[in-house]
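Commentary on secondary and tertiary structure
Residues per chain, in single letters:
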Amino acid sequence: MLYYLASSGSINWLSLAGLAKAWHLTLAACILFFVVTVLQSRRMQILINAHCLNLSFPAAIKLTFIGLFFNTYLPGATGGDLVKIYYASKGNPGKRTEVITILLLDRFIGLFTLLTLPLLLAPFFLPIIESQKVLKGLLGISLMISVGIIIAVFIGARYDLENSRILNWIEKKVMLGDKLKRVLHTVHSYRDNKLVIFKALMLSYFLQSLMVGVSLIVTESINPLGADMKMLILIPLGYFANSLPVTPGGIGVGEAALESLFNLFGMQGGAETLLGWRIIMVIVGLTGLFFYLKGEKRFVFSSENDEKG
């Protein structure tokens, strides 16, 4: 994908030198990316600790940075999640299914807010959206998917799992049915703790907004024309395309998507913006390499007493 973009002239590699020339902006982008990663740790901690598990904030930070480091080359933007699942599950054989489920829920909340952020910003860009049928179609698809997810979650939250004959049948008859039942129970447990989900959602929207800010800073440093307010609604869509597990690290997919979106409005530099964002991610992600090499054995504990032991 990168080769195609480069050979078609869609990538101006020399423009990335702007990251070095405008080093103060690059430093600001790195600091902002670092802050976002730390706050992502807090979101994960909130979800895990609400389920009779114990993840300290320092441990959550280490785990998140390790995941960020592996996100730089494992498939899609979800590759690091596999590493986080591995380390978070260590030492918790009886809670492994629950830990994995919560980490996947954390990832799901991140993707959901990324999908819906452009919808929340859409009212501020109505004239622009009306003028571009492609963008209108993309936002329409995002809206349908989001509404479908909300309806499914609402129905699932109202369903009584304890007295479910279907769930009991699945547990007895379906391969790994007991695991599936534990997964559903774990997710369903947040029905009685809606405040936790609300906090995670609000924090996630804030994080996605800050991450868009990182790309705007990158654009300001590498694009002669600088950043544009229209990019606020386009960058989240590029991020979402980048999160699809199509290529290693999503490389090429996100660049092609953002380049096309920028071109809709006669703007250049979409591919370079995401490439610059990747460079920022690699720099900040080196913190995860440090934590990984330290060889932490356990991050999540079943109880406070277990942690002390």
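The structure reproduced in this document is the subject of the present report.

Topic: the overall build of the chain
Assigned secondary structure in the chain consists of 15 helices and 0 strands. Taking all 309 residues of the chain together, the buried fraction comes to 48%. Residue pairs at least 24 apart in sequence account for 73% of intrachain contacts in the chain once pairs closer than 6 positions are excluded.

Thoughts on the pattern of salt bridges
Tallied over the full model, the rule gives 3 salt bridges. The partner of aspartate 106 in a salt bridge is arginine 43, and the shortest N-O contact between them spans 2.7 Å. Separated by 63 residues along the polypeptide, aspartate 106 in helix α6 (residues 96–121) and arginine 43 in helix α3 (residues 23–49) bring together distant segments of the chain. One exposure class covers both aspartate 106 and arginine 43, and it is buried.

Digging into helix α12 (residues 231–242)
Compared with the 16 Å implied by 1.5 Å per residue over 12 residues, the 16 Å span of α12 between its first and last C-alpha is a close match. With respect to burial, α12 is a largely interior element, 10 of its 12 residues being buried. All buried positions along α12 are accounted for by Met231, Ile233, Leu234, Ile235, Pro236, Leu237, Gly238, Tyr239, Ala241 and Asn242.

Some details on the environment of tryptophan 13
With respect to the helices, strands and loops of the structure, tryptophan 13 is situated in the loop between α1 (2–7) and α2 (18–21). Residues tryptophan 13 and glutamate 272, spaced 259 residues apart in sequence, show a C-alpha to C-alpha distance of 7.4 Å.

A look at helix α14 (residues 270–294)
Here α14 contains 25 residues, and its C-alpha end-to-end distance of 37 Å stays within 8% of the 36 Å for a straight helix at 1.5 Å per residue. If you look at α14, its biggest bend is around 30 degrees, right at valine 284. Of the residues one or two after α14, glycine 295 is the one with positive phi, at around 70 degrees.

Here's the deal with a nonpolar patch on the surface
A contiguous nonpolar patch, built from Leu143, Val147, Ile151, Phe154 and Ile155 and spanning about 480 Å² of accessible area, is present on the exposed surface. Since its relative accessible area comes to 38%, valine 147 is described here as partly exposed.

Section: the packing of aromatic side chains
The description of an aromatic ring pair rests on the distance of the ring centres and on the angle between the ring planes. Using the criterion set out here, one finds 11 aromatic pairs in the structure. Between phenylalanine 33 and tryptophan 277, the ring centres sit 6.2 Å apart and the planes meet at 40 degrees, which makes this aromatic pair tilted. Taken together, the positions of phenylalanine 33 in helix α3 and tryptophan 277 in helix α14 put the pair 244 residues apart, joining distant regions of the chain. Summarising the burial analysis for this pair, phenylalanine 33 and tryptophan 277 share the class buried. A centroid spacing of 6.1 Å and a plane angle of 85 degrees characterise the contact between tyrosine 87 and phenylalanine 299, whose relative ring orientation is edge-to-face. Taken together, the positions of tyrosine 87 in helix α5 (residues 79–89) and phenylalanine 299 in the loop between α14 and α15 (304–308) put the pair 212 residues apart, joining distant regions of the chain. By the burial criterion, tyrosine 87 is buried, and phenylalanine 299 matches it. Through a chain of ring-to-ring contacts, the aromatic side chains of Phe69, Phe70, Tyr86, Tyr87, Tyr292 and Phe299 assemble into a single cluster.

Digging into the side chain of serine 204
Inspection of the secondary structure puts serine 204 in helix α11 (residues 194–222). The class for serine 204 is buried, based on a relative accessible area of 0%. Leave out the neighbours within four places in its chain, and serine 204 touches Arg43, Ile109, Gly110 and Thr113.

Quick word on the packing of α3 against α14
Where α3 meets α14, the axes come as close as 9 Å, and the angle between the chain directions of the two elements is 60 degrees. Here α3 lies oblique to α14, going by the angle between them. Two packed elements cross with a definite hand, and for α3 against α14 that hand is right-handed. Contact with α3, carried on its side by Thr26, Ala29, Cys30, Phe33 and Phe34, involves Trp277, Ile280, Met281, Ile283, Val284 and Thr287 of α14 and no other residues of that element. Broken down by class, the residue content of the contact of α3 with α14 amounts to 9 nonpolar, 2 polar and no charged.

Rules behind the numbers
For every chain, the first residue of its written sequence is number 1, and the numbers climb from 1 along that sequence. In keeping with the model being predicted, local features are shown solely for residues with a pLDDT of at least 70 and side-chain atom pairs are shown and tallied solely at 80 or more, while totals for entire chains, interfaces and linings include all residues. To obtain the side-chain values, all non-hydrogen atoms of the structure were included, while hydrogens and water were left out. Numbering goes from the N terminus for both helices and strands, where a helix is a DSSP run of H or I of at least four residues and a strand is a run of E of at least two. Only protein chains enter the accessibility calculation, which uses a 1.4 Å probe. A residue is then buried if its area is under 20% of the maximum for its type, exposed if over 50%, and partly exposed in between. We call two residues contacting when some pair of their heavy atoms lies within 4.5 Å. What makes a salt bridge here is a side-chain nitrogen of Lys or Arg within 4 Å of a carboxyl oxygen of Asp or Glu, nothing more. An expected span of 1.5 Å times one less than the residue number is assigned to each helix. One fitted axis covers the seven residues ending at a residue, a second covers the seven starting there, and the bend at that residue is the angle between these axes. Here the term patch refers to residues with relative accessible area over 30% and no salt bridge, with like charges joined within 9 Å and nonpolar side chains (Val, Leu, Ile, Met, Phe, Trp, Tyr) within 5 Å. Reported accessibility uses the Shrake-Rupley method at a 1.4 Å probe radius. Residues are deemed covered only where the shown protein chains occlude them. Stacked, tilted and edge-to-face pairs are distinguished by plane angle, under 30 degrees for stacked and over 60 for edge-to-face with tilted covering the rest, among Phe, Tyr and Trp rings (Trp via its six-membered ring) whose centres lie within 6.5 Å. For every element, the axis is a line fit to its C-alpha atoms; helices are fit only across the contacting stretch, and the angle between N-to-C directions ranges from 0 to 180 degrees. Our angle categories are set so that under 35 degrees counts as roughly parallel, over 145 as roughly antiparallel, 65 to 115 as roughly perpendicular, and the remainder as oblique. The crossing is said to be left-handed when, going from far helix to near helix, the turn is anticlockwise and less than a right angle, and right-handed when the turn is clockwise. Three classes are used: nonpolar for Ala, Val, Leu, Ile, Met, Phe, Trp, Tyr, Cys and Pro, charged for Asp, Glu, Lys and Arg, and polar for all others, with Gly counted as polar.

So, to be careful, I would describe these as geometric facts and stop short of saying anything about function.
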